Structure formats: C-alpha cells, structure tokens
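These are the residues of each chain, in order.
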Amino acid sequence: MAPFHITEVLDIPSLTALFEALTAMNNVVTALLDLEGKVLIATGWRDSCSLFHRVHSETAARCLESDTALASGLAEGSRYNVYNCRNGLVDVAVPVRVDGYHVGNLFTGQFFSEPPDLDAFRAKARLYGFDEEAYVAAIAAVPVFSREEVERTMAFLVLLAENLGRMGLANRQLAAHRDALEAEVAARTAELQAALVEAQDANAAKSRFLANMSHEIRTPMNAILGFTGLLARDADATPGQRQSLRIIERSGEHLLGLIDDVLEVSRIDAQQLELRDDRFDAAEVVRDVVAMFGAPARAKGLQLQLELDEADLQSCRGDAGKLRQVWINLVGNAVKFAELGPIVVRARGVRDGETVRLFGEVEGDGPGIAVEEQAAIFEPFRQSASGRHRRDGTGLGLALTRAFVDGMGGSITVRSAAGAGATFRFELPLAVAPALEHEAATDSALWLQAEPPLRVLVADDIETNRILLRAMLGPLPITLIEAADGDQAVELVRRERPDLVLMDARMPGLDGRDATRILVADPTTAEIPVLILSASVLPSEQAGMRAAGAVDVLSKPIALPDLLRALAAHSRAALCARPDAQDASRRSVG
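Residues numbered from 1 in each chain as written. Predicted model: local features only at pLDDT ≥ 70, side-chain atom pairs only at ≥ 80, totals over all residues. Heavy atoms only, no water.

S.K.: Could you give an account of the overall build of the protein, with specific residues and numbers?
M.R.: Helix and strand content of the protein: 18 helices and 21 strands. Taking all 590 residues of the protein together, the buried fraction comes to 44%. Summed over its atoms, the accessible surface of the protein is roughly 29500 Å², and 53% of this surface lies on carbon and sulfur atoms. (Helix = DSSP H or I, 4+ residues; strand = E, 2+ residues; numbered from the N terminus. Buried < 20%, exposed > 50% of the residue type's maximum accessible area, 1.4 Å probe, protein only. Areas by Shrake-Rupley, 256 points an atom, 1.4 Å probe, with all protein chains shown as cover.)

Structure (structure tokens):
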C-alpha cells in the first residue's frame, strides 16, 4: 500500500488535457483510475458502454468484473493486462507505479479485435431491453484494432505509464524537498523570531539599564558639581582648596562625559541620532575647544597651535554641540597621545551658495596608528595598539566622532603610520545663517530681573537637591516654595499658585510626570508652566515628559545659564546682565 495517493504526485488537470489530445488524435479511449476504482480521468468513452452497458444492472456488473479482473492482474506485477469483457469488447490496463508503489491504472479499450457479430448484439439488445437500432449503431461505431495496432497502443501506454511514474517520483521528491525546506524555513523563522524577541528584550533591558545608570549617576553628580562650584567660589577658600575642588569638578565632568558617550552610542545603535538646528559661530567653537585644552597641553610641555580662517565660519546653522564634541574628541586625543608636539588645529570654511563646507584638521605626533588598525579605531570599543597600551579611555570617542560627522552629512579620514603621529581630517556641510548678534551678557554674567520676585515651586524628594537649588537661586529675585514629593507638589501648586514649577522627574509615590499630568488637567492650574528636571537624558523618556505636559525638560546636572533662560522663557522674568562681576559660569542646580 502506497503511503500517498496518486493525486498527491500527479497533476490530474494537466494529464486530462493530455489524454483528451490523445483521444482526439487516435480515437483511443483513455482513463486513469486510482486503486479504489475511482475514475480520475475518462476521455472518449464509447456510447456502447456509457449509454448501455454501464446503465443496465447485469451488463454493468460485467463492466465491474472487467475492471476488477484488469486491476487484479496488474497487482501481480505484469506490465499490462488485456481482458475480453463479457459484454463483448476488449479492455486493457497498464499499472502506474511511483517510487516502487502501485498507485493507479491506465485504461484503454472498448474496441474489437475482430469485426463484431451485429446479429448477436441485436439479440443482447432484445435481452436487456436496449433500443435495438441505437444499440447496434453504437456497437458499429466501436473501432476494430488489428493485433499490430493493439501492440503499438500497448507499447505507448506502457511508456506513458513509466513516464507518469517518473513524473510522480519527481513530484514526490520535489514535494518532500519542499516540505523539508518549509520545515527548515519554519524552524529557522521560529529561531529568528525567538532571537528577535530575545534581542528586543535585551535591547529593552539595555535601555532600562542605561536610563537607570544615567539617573543614578547624574543625581549625585548634581549635588557634587553644584556644591563643588559653590565652595570653589567661596572667598574664604585657600588656593590649595580651590585646586582640589577644581580636580573634583573636572573628575565629575569626566565621569558625566563617559556616561554620555555610552548613551550616545546606544542612540546611534538604535538609529536615534538626533540633530539640532543651532545658529552659531563655527570659528568660536573651535577657538573654545583649543582654549579648553590649552592647560593640559602646557602641562605636558606641548605647543597647541590654531590655524583658523574665520571667513564664512562666523554665521552657520547646524548641530553646534556635536560639532564641538568632534573637535573635543580629536583635539583631546592629540593632546593625550602627543609626545613632543606641536599639535596643530586647522579650520577653514568654503562657501558655496547657502552652504559652508567646514574643513577641519588636527595634526599631532605620537605613536601613530598602524595601517591595518585605521578602520577599526572608528568602531565602538575598539582602540589602536597605542590606545590599549595606555589603558585609558573607553574606545568610544572616535566611534562617536565618525557617527556625528556621518550623521551631519560629512566625512572623516585619518592619515597615519606606526611611529609617525596622526592627522585627522573631516569635512562638514553647514547651512549659512544670518549674522549673529552678540548677547549683552555672557553665560557667566546672566541674571534674572523680576518685579515682584518670581514665585517658584520646587518639587524634589532629595533634600540635597532642594538645598543646592535654594543656595543657587537664593541671590536672585525668586521666592522658593518647596515640596518633598509629587502629592505635596500638587497640593501646594493648587494652594499657592506659583508663577512656575520646577518638578523632579522621579519621586516616590506620585512621580513628576504624573504630577504634571494632574496639574495640566486641572483647569485651575493648567496655565502654570511646569519644567521637569530630569537625570535621564534618553530622548524617549524626555519625550514622555513633554507629552505629560511639561513646557520644557532640563537634564541634570543643569547649568545655571540654561536654567535662567528656561525661567525667563516660561515666566514674566527677564534676562539681564549680572549686577556684579562675580563669575557664575560654572554654577549648577538640581
């Protein structure tokens, strides 16, 4: 017994067309039956059989007897079987075997091997009650095949059956291959789906980890940097104390820079690189960065030179922060690896219509980078041999530099060799902006003007942050109202109706986001602006805070100038120049 049905391995509709063509060409009756006797294809059947013999019960029994005899003879393994039906006609069957299994039979027949005795058939008509003339006419229409014609027909049918067997085998093998392929594809798809779910879970876990790590680091750094800045500006502090405080401050800023690098790589991996559209002076950016590294260079006895062509660089549009970071990474690396100097920083702009192409270059001596390592240094967490030897840094600086340059539509290259220093060149397109107007007060001299004093409610569950904010904003025309959690903040806002709310993002119980939603939904407090102060810098989290109704989100540690601008932008207070000359450029609030 075959483990499959003939219809599973042969295309019955296509074979029907073939059999019909054969019948039309040679007047040969054809049929294909399965092993249960079901007729799958039947072409050219004679009227003598279809209209008479298979209609009457007795003659139909003889037809069934013929079918059975033919099939049973084939089951014994013969190439074909010829049977003289007791209804007087000759039938032939040829087995169809697929992969060694007998799965069906080809039939032909309903012919005479010699001219029929019409009188005998007239007698049968009378015996079985057939219309005599119609029956005899149907018998007379049955062809008479000679022995040679029968043998040729048999030879053709045997070849046809063999080819059907090969076709069926090929179809079965193809179906098996298809089934195996489908099973493999299904299994692989399931594996990929599982891997995708695992990757998504891992990515979500990574995002949660980075968000928590950012918050947990930035929250204490808020107080560390804020109070360090206060102490460093204390008139009673000794020079040695101020130097120690500056070391603490620089170390804290370095730690924040490291966590920012990790977060930025996460955003780039998730294809979430966001570009700002700032109006800025590109010449001033590079000047500031060179000035920033002046002291570290001098400490190593290095000369740091700036070759700057300011033409066309003073009024640009683009992401000033990322451009600054590109310069910081390249100049910082040059200072770190330089041995004798000098270090040369070059910048020039070439205007083309409404675009300025910035050409930047940083050249320094040092151990250099082997040719085979130059592609890898732009990949995350990959360092050159000299970088690994120093055992400092994360291996993210150049990866971020390339990502920023590429993201802004530019390109970066390196020219170096082992022991021969390195020169990094980059090119960036920047939009031309209207000429910048210098602000009346620099960041360090910003102040607020408000009459009467601005009433600001501060909500933060960490008392250190409230103390720091109180110390930083105390000299300004601001009256502070303090809340230790979200529920208390909502209650105080409804009762005190302050001019503005500074809301910490994460608090136990009712957090800052939910408290903001409640205030925005309440008609009595909806017009009071809420600024959320957050230790999270992930765009997705900050977007959720804005969606809750915050007019702005400021990331911790927050520079005092940024906070003053936000206060002025969302209240009746105005920015002005500081009334005294005290430097407030490094002040931060939490």
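S.K.: Can you lay out the pattern of salt bridges for me, pointing to particular residues and giving the numbers?
M.R.: For the structure shown, the criterion picks out 31 salt bridges. For Arg351, the salt bridge goes to Glu354, with nearest N and O atoms at 3.9 Å. The class of Arg351 is partly exposed, set by a relative accessible area of 43%. According to the relative accessible area criterion, Glu354 is exposed, its value standing at 56%. (Salt bridge = Lys/Arg side-chain N within 4 Å of Asp/Glu carboxyl O.)

S.K.: Quick rundown of the sheet that holds strand β5 (residues 101-111)? Include the residues and the values.
M.R.: Two orientations exist for strands paired in a sheet by backbone hydrogen bonds: parallel and antiparallel. Across the sheet, which stays open at both edges, the 5 strands sit in the order β2-β1-β5-β4-β3 with antiparallel pairing between neighbours. Each of the sheet's edge strands pairs with one partner strand only, and the pair in question is β2 (39-43) and β3 (81-84). On average, each strand axis in the sheet is tilted by 20° relative to the strand beside it, whichever way the strands run. Sheet topology note: the strand β4 (residues 90-98)/β5 ladder contains 9 bridges and is antiparallel. (Pairing = 2+ DSSP bridges. Axes fitted to C-alpha atoms, helices over the stretch in contact; angles between N-to-C directions.)

S.K.: Which residues make up the packing of aromatic side chains, and what values do they have?
M.R.: Counting across every chain of the model gives 9 aromatic pairs. With centroids separated by 5.2 Å and ring planes inclined at 65°, the aromatic side chains of Phe52 and Tyr135 adopt a geometry described as edge-to-face. Separated by 83 residues along the polypeptide, Phe52 in helix α3 (residues 47-53) and Tyr135 in helix α6 (residues 132-140) bring together distant segments of the chain. When its relative accessible area of 0% is taken as the criterion, Tyr135 is described as buried. Ring centres of Phe112 and Phe121 lie 5.8 Å apart, and the angle between their planes is 65°; this geometry places the pair in the edge-to-face category. For Phe112, a relative accessible area of 4% translates into the label buried. By the ring-pair criterion, three or more aromatic residues cluster together here, those being Phe52, Phe112, Phe121, Tyr128, Phe130 and Tyr135. We note Lys322 situated over the ring of Phe404; from NZ or CZ to the ring centre the distance is 5.4 Å. Over the face of the ring belonging to Phe359 we find Arg348, whose NZ or CZ atom lies 4.6 Å from the ring centre. (Phe/Tyr/Trp six-rings, centres within 6.5 Å; stacked < 30°, edge-to-face > 60°. Lys NZ or Arg CZ within 6 Å of the ring centre and 35° of its normal.)

S.K.: Please set out the packing of helix α9 (residues 282-292) against helix α11 (residues 320-337) residue by residue, giving values where relevant.
M.R.: Two elements in contact, α9 and α11, have axes separated by 10 Å at closest approach and are oriented at 35°. In the packing of α9 onto α11, the handedness of the crossing is right-handed. Together, Ala282, Val285, Val286, Asp288, Val289 and Met292 of α9 and Leu323, Arg324, Trp327, Ile328 and Val331 of α11 make up the contact between the two elements. Residue classes in the contact of α9 with α11 are distributed as 9 nonpolar, no polar and 2 charged. (Left-handed = near helix turned anticlockwise from the far one by under 90°. Contact = heavy atoms within 4.5 Å. Nonpolar A, V, L, I, M, F, W, Y, C, P; charged D, E, K, R; others polar.)

S.K.: Could you give an account of helix α14 (residues 463-473), with specific residues and numbers?
M.R.: Those residues of α14 lying buried are Asn465, Arg466, Leu468, Leu469, Met472 and Leu473. In an axial view of α14, the angular spread of the buried residues amounts to 160°, which keeps them on one side of the axis. (Arc of directions from axis to C-beta.)

S.K.: Can you explain the environment of Gly349? Please cite residues and give values.
M.R.: Among the structural elements, Gly349 can be located in strand β9 (residues 343-352). Put simply, Gly349 and Phe359 are 10 residues apart on the chain and 6.1 Å apart in space, counted from C-alpha to C-alpha. In this structure, Gly349 is in contact with Asp309, Ala311, Asp312, Leu313, Val356 and Arg357, ignoring residues within four places of it in sequence.

S.K.: So what about the sheet that holds strand β14 (residues 454-459)? Which residues, and what values?
M.R.: Taken together, 5 strands build an open sheet; the order of strands is β15-β14-β16-β17-β18 and the sheet is parallel. Both edges of this open sheet fall to β15 (478-483) and β18 (552-555), since each of them pairs with a single strand only. Within this sheet the neighbouring strands show an average axis-to-axis angle of 25°, counted without direction. When strand β17 (residues 530-534) meets β18, the two strands line up parallel, connected through 4 bridges. Counted as the bridge partner of Leu533 is Leu554 from β18.

S.K.: Requested: an account of unusual backbone geometry, with residues and values cited.
M.R.: Residues other than glycine predominantly adopt negative phi, and peptide bonds predominantly adopt the trans conformation. A cis amide bond links Glu451 with the next residue in sequence, Pro452, at an omega value of -5°. Note the cis peptide between Lys556 and Pro557, where omega equals -15°. Tracing the chain through its elements places Pro557 in the loop between β18 and β19 (558-559). Look at Asp99: it is not a glycine, yet its phi comes out positive at around 55°. Mapped onto the elements, Asp99 comes out in the loop between β4 and β5. The exposure class of Asp99 is partly exposed, given its relative accessible area of 40%.

S.K.: How would you summarise the pairing of β2 if you had to cite specific residues and measurements?
M.R.: Bridge analysis of strand β1 (residues 30-34) against β2 gives 4 bridges, and the strand direction is antiparallel. Residue pairing in the sheet places Leu33 in a bridge with Val39 of β2. In this antiparallel pair of consecutive strands, β1 and β2, the connection spans 4 residues, and Gly37 shows a positive phi of 90°.

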